[in-house]
Amino acid sequence: MTHLAQYLVGGLATGSLYALVALGVVLLYRSSRVLNFAHGDIATLGTFVAFTLIGRKLPFSLAVTGGLAAAALVGALFFFLVLRPAKEASLLGKIVLPLGLALVLSGIVQVVWGTDTLVFPFPLSDIRVYRFGQVVISETNLGTIIIGIVLMTLLYVLVQGTKVGLAMRAVAQSADAAQALGIPARRIYALTWGLAAALGGAAGVLLAPVVYLDPFMMLDPFLKGFAAAVMGGMDSLPGAVLGGFLLGIAESVFAGYVSFKFKTTMAFAVIILVLLVRPEGLLGRVYHRRV
Amino acid sequence: MRTLAKFVIALAVVAALGTTAIGQPAERGVTPTEIVLATSMPMSGPAALWGTGVGGGIDAWLRHINDQGGIHGRKFRFLIRDDAYLPPRAVANVRELVERDGIFGLISSIGTANCFAIRDYMIETKTLWITPACGADIWAGMRERNKYLFVTYPGYVDEGIYLTKYGVESLKAKNIAVFYQNDLYGQQGLLGVKRGIAQTKGAKLVAQVSYEVTDAEVAAQALKLKESKADTLILYATPRHGALIVREIAKVGYQPTLMSTFTLLDPVMFALAGEAWNNVYLATYIPVPGMGDAKVDATLATLIRLNPALARNPFNASAGVSFVESFLEGIRRAGPSLTKDRVVAAMESIKNWDGEVIRGVTYTPESRQGINRLFMVKSERGQYTKLSDWYTYPRKF
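The numbering scheme is per chain: residues are counted from 1 as the chain's sequence reads. Following the order in which they are written, the chains are lettered starting with A and the ligands numbered starting with 1. Selection of residues for local features in this predicted model requires a pLDDT of at least 70, selection of side-chain atom pairs for listing and counting requires 80 or more, and totals for whole chains, interfaces and linings are taken over all residues.

### Quick look at the overall build of chain A
Broken down by element type, chain A carries 11 helices and 2 strands. Helix and strand labels come from DSSP, where a helix needs a run of H or I of at least four residues and a strand needs a run of E of at least two; each type is numbered from the N terminus. In sequence order, chain A lays out its α and β elements as α-α-α-α-β-β-α-α-α-α-α-α-α. In terms of principal-axis extent, the alpha carbons of chain A reach across some 60 × 50 × 35 Å. For the exposure call, what matters is how many other C-beta atoms sit within 10 Å of a residue's own: 20 or more marks it buried, 12 or fewer exposed, and in between partly exposed, using C-beta atoms placed from the backbone. When burial is assessed residue by residue, chain A has 51% of its 291 residues classed as buried. Intrachain contacts of chain A at a sequence separation of at least 6 include 73% that bridge at least 24 residues. Distance between backbone-placed C-beta atoms decides contact: two residues are in contact if it is within 7 Å.

Here it is in structure tokens:
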């Protein structure tokens, strides 16, 4: 039982990161129907910027704010400079554009910061642990879970309880109708892109102290976060959170009790099963067009 | 008159062909002023710490040789291709280097799976291949096909046997666990540990826990290892995953005796794993920089002068020199008229030869396994100390 609890704790910590990534993916998909394959690379760039600012002796909070701002700026600029002019692009085009951005950003990170594995300075210790009976959790993992939940809650409040969130939802439903009602759709789109990118950056900053910083550190978490978003429902923010936590826990428990070699395989097998039963995802909704 | 004209034309054609033949380089990748060498290494991806250190070390050492005038008037041009530790990319890189760039020889290549992927191509194209950094056991049983291969790198199976024997005999290991990469590299290390256990008395393998090279974290593996209650844990991992697992097991309060393959010997591990990389027992096949060997330290100083970034990977950079220096000795011995077969003959004359970093290299027409010795070191407060004399294992190829 102790072991199960420990696997659950590990799964929760990993799942909170998957959930953060999934939220960014869903946020963008809801509003612009674009699958942002550059999400992981934008997050990596933001984390490296934060790393550089920490190296310049800036206080940690300021450095992280700078990193998230850089990620948000890249997201917003990508919308204004690429997606907006290419708004008539085909579905394939909308997939290829973020893929291109991903390659460009990955190249920039490798050229500017190199490809070595680096230690990301973090105020919480990954070695210092809290014990709850036989179950242990490190300061970093506890911080990751708490910060992840706080960020998810803030996003939920923003989207559901503020005028900006209302505008975001209106633009997501119909940009033309929202614009006719006086909502600045382009700015809302840019804000959404910036916000999603910053969320990814936050996941990167929380992940880097645990798995080390390198240009490819977001590859696995992005794939899992993306899968979590699909499992939860691509238009559901709570679904993204649920999908992230479920995936993290399933991976951890499966690895502990069945096989390490097939934990990723198992995770995606579960997703396939879920989509067979509920094609719209766990909390996604089916839209019926009225004739 | 017409016959005379035909004779003159024929003579001119023969003369022209002869001149062309003389003007052509005697050997692919060799000109009167240059020798083209290359490598395919993980300069990015999960094993980048190996590639940047080893590749950078080879590159800096060849530049050092060039600065001294090269060998027999020829300077080296060294091409590095990034394979990101992916076997398919290693294959594409090597094909390009051999067929398009026309290299004289391939220096190293990192990753047992990568070496295995390019092995048959290298043998078929009869390209000189110097010290593939991979489990040397993939060459066993291929003696008659290895004419252009020379290796100064230990096999992971031999190393696994040594680590296990040392653990059982000197550290009183009883229950052993292995944390390994789920590919040829890790599997050969695991096989070595199993054979080591079979050759000793009183120890058993209680857990073999793997990870995939793409895994971002290894928390579940740490718990599994803790559950095994092994008193000794042997690592066959990338530096990143090695650092992750020792931190994770420290986090869950599991404190076995730690032993590791030499591929994790670089002091960068102290930066990555911190205190968790204390009291780790490792095997090595070259003297570790900073451990009192003047030649090794001087070599490292030269490397860092030419490429200051190598200060971060002193062991891996020195290992790069150890990969290439017996080959440079072979080129010296081959003389000014350089051909592949002359180098092979010259390399086969190398007997118990000490380089700046590598020691005791011997090649014969029957054996391409240049070294077959290891010794043990221990990490203590950011440094390594020597624990044993050389341990010798049988030559296999």
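There is more to say, and it comes next.
### So, helix H5 (residues 156–170) of chain B
Residue and element names in this part refer to chain B. Over its 15 residues, H5 runs 20 Å from end to end, which matches the ideal 21 Å to within 8%, given 1.5 Å per residue. Among the 15 residues that make up H5, 12 are buried, leaving the element largely enclosed by the rest of the structure. Listed in full, the buried residues belonging to H5 are Tyr 156, Val 157, Asp 158, Glu 159, Gly 160, Ile 161, Tyr 162, Leu 163, Thr 164, Tyr 166, Gly 167 and Val 168. Residue Lys 172 follows H5 closely and has a positive phi angle near 60 degrees. Any helix carries an expected span of 1.5 Å times its number of residues minus one.

### Description of the interface of chain B and chain A
Taken together, the 30 residues of chain B in the interface contact 29 residues of chain A. If you list the elements that add at least two residues to the side of chain B that touches chain A, you get helix H2 (48–67), strand S7 (204–211), helix H7 (219–228), helix H8 (239–251) and helix H9 (268–273) of chain B. Basically, the charged four are Asp, Glu, Lys and Arg, the nonpolar ten are Ala, Val, Leu, Ile, Met, Phe, Trp, Tyr, Cys and Pro, and anything else, Gly included, counts as polar. Taken together, the residues that form the side of chain B that touches chain A break down as 15 nonpolar, 8 polar and 7 charged.

### A word on the domain arrangement of chain B
Residues and elements named next belong to chain B. Residue ranges assigned to each domain were obtained from an automatic or database domain assignment. With domains assigned, chain B is organised as domain 1 (34–154 + 292–366) and domain 2 (157–284 + 378–392). On the domain 2 side, the residues contacting the 18 residues of domain 1 number 16 residues. Elements supplying a minimum of two residues to the side of domain 1 that touches domain 2: H2, helix H4 (112–124) and helix H11 (314–334). Residues belonging to the side of domain 1 that touches domain 2 are distributed by class as follows: 10 nonpolar, 6 polar and 2 charged.

### Here's the deal with the nonpolar core
Take the buried Ala, Val, Leu, Ile, Met, Phe, Trp, Tyr and Cys residues, join any whose C-beta atoms are within 7 Å, and the set you get is a nonpolar core. With 223 residues, the main nonpolar core has Ala 19, Ala 22, Leu 23 and Ala 71 of chain A together with Phe 179 of chain B as its most contacted residues. The element best represented in this core is helix H8 (residues 185–211) of chain A, accounting for 18 residues. Summarising the domain contributions, this core has at least three residues from each of domain 1 (34–154 + 292–366) and domain 2 (157–284 + 378–392) of chain B. When residues no more than four places from it in sequence are discounted, the contact partners of Ala 19 of chain A are Gly 148, Met 152, Ala 228, Ala 240, Val 241, Gly 244 and Phe 245 of chain A.

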